[in-house]
Amino acid sequence: MTVERDIEVLRRTALFARVDPVRLEVLAFTAAHRHFEEGTLVIERGQLLEGAYVVLEGSAVMLGEDGEGRPMASRLDRGDIIGETALMKPVPAKASVRAGEALELMEISRALFARLTDEFPELALGVAAAAADRLEGISGALRGLLKEKKEKEQGRV
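Below is a summary of the structure that appears in this document. What you see is a predicted model; the values in this text were computed from it and never measured.

## Some remarks on the nonpolar core
Next up, step 1: Ranked by internal contacts, the top residues of the largest apolar core, which has 24 residues, are Leu10, Phe16, Leu27, Val54, Met106 and Ile108.
Next up, step 2: Looking at this core, the elements that each hand over two or more residues are helix H1 (3-11), helix H2 (21-30), strand S4 (51-57), strand S10 (103-109), helix H3 (110-119) and helix H4 (121-156).
Next up, step 3: Broken down by element, this core gets its largest block of residues, 4 residues, from H1.
Next up, step 4: In this structure, phenylalanine 16 is in contact with Leu10, Arg11, Leu24, Leu27, Ile81, Ile108, Phe113 and Val127, ignoring residues within four places of it in sequence.

Here it is in structure tokens:
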């Protein structure tokens, strides 16, 4: 484990991209690190999450369902975040996660995140700015879908 590697992984995530590297160093140093062997169940669907996990090394498979209840699988690689909503509140896992190979995760508990954002408000501001960017992107995509829907409806009339 190297703190430099952990900082670099955090900086490449959308959630922490705007956070000062010095604050990321504190986060990387104080967060727990978890190691899992290939095939190990890391998170079980429905399990209450008390924080988020960042993939530092290896890969994992997320197994869940799409919006219509059909099975889906996603690969998680270095820099992917699992359960970021759990940094703000306890949430049940929407999918199971299994180590696809030897896996190292950084576990950021909600309690640690709250303590660090209290101590370093700029950490909270950086995360909030990243969240706002993502919301703007989602909002823009929704506007595009609504516009497309209206255009299709007008074409049928």
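## Notes on the pairing of strand S5 (residues 60-65)
Next up, step 1: Alternating positions in S5 separate cleanly, Ala60, Met62 and Gly64 being buried on one face and Val61, Leu63 and Glu65 remaining unburied on the opposite face.
Next up, step 2: As judged from the 6 bridges shared by S5 and strand S6 (residues 71-76), these two strands associate in the antiparallel manner. From the neighbouring strand, glycine 64 faces S6, where its bridge partner is methionine 72.
Next up, step 3: Between S5 and S6, which pair antiparallel in sequence order, lie 5 residues; one of them, glycine 69, sits at a positive phi of approximately 85°.
Next up, step 4: In this structure, S5 lies alongside strand S9 (residues 96-99), joined through 4 bridges in antiparallel fashion. Looking at S9, one finds that leucine 63 is bridged to serine 96.

## Some thoughts on the sheet that holds strand S2 (residues 41-43)
Next up, step 1: Across the sheet, which stays open at both edges, the 4 strands sit in the order S2-S9-S5-S6 with antiparallel pairing between neighbours. For this open sheet the edge positions go to S2 and S6, each flanked by a neighbour on one side alone. Ignoring which end each strand starts from, the neighbouring axes of this sheet average 30° apart.
Next up, step 2: The sheet contact formed by S2 and S9 spans 2 bridges and is antiparallel.

Conventions adopted
Residues numbered from 1 in each chain as written. Predicted model: local features only at pLDDT ≥ 70, side-chain atom pairs only at ≥ 80, totals over all residues. Heavy atoms only, no water. Core = buried A, V, L, I, M, F, W, Y, C linked by side-chain atoms within 4.5 Å. Buried < 20%, exposed > 50% of the residue type's maximum accessible area, 1.4 Å probe, protein only. Helix = DSSP H or I, 4+ residues; strand = E, 2+ residues; numbered from the N terminus. Contact = heavy atoms within 4.5 Å. Pairing = 2+ DSSP bridges. Axes fitted to C-alpha atoms, helices over the stretch in contact; angles between N-to-C directions.

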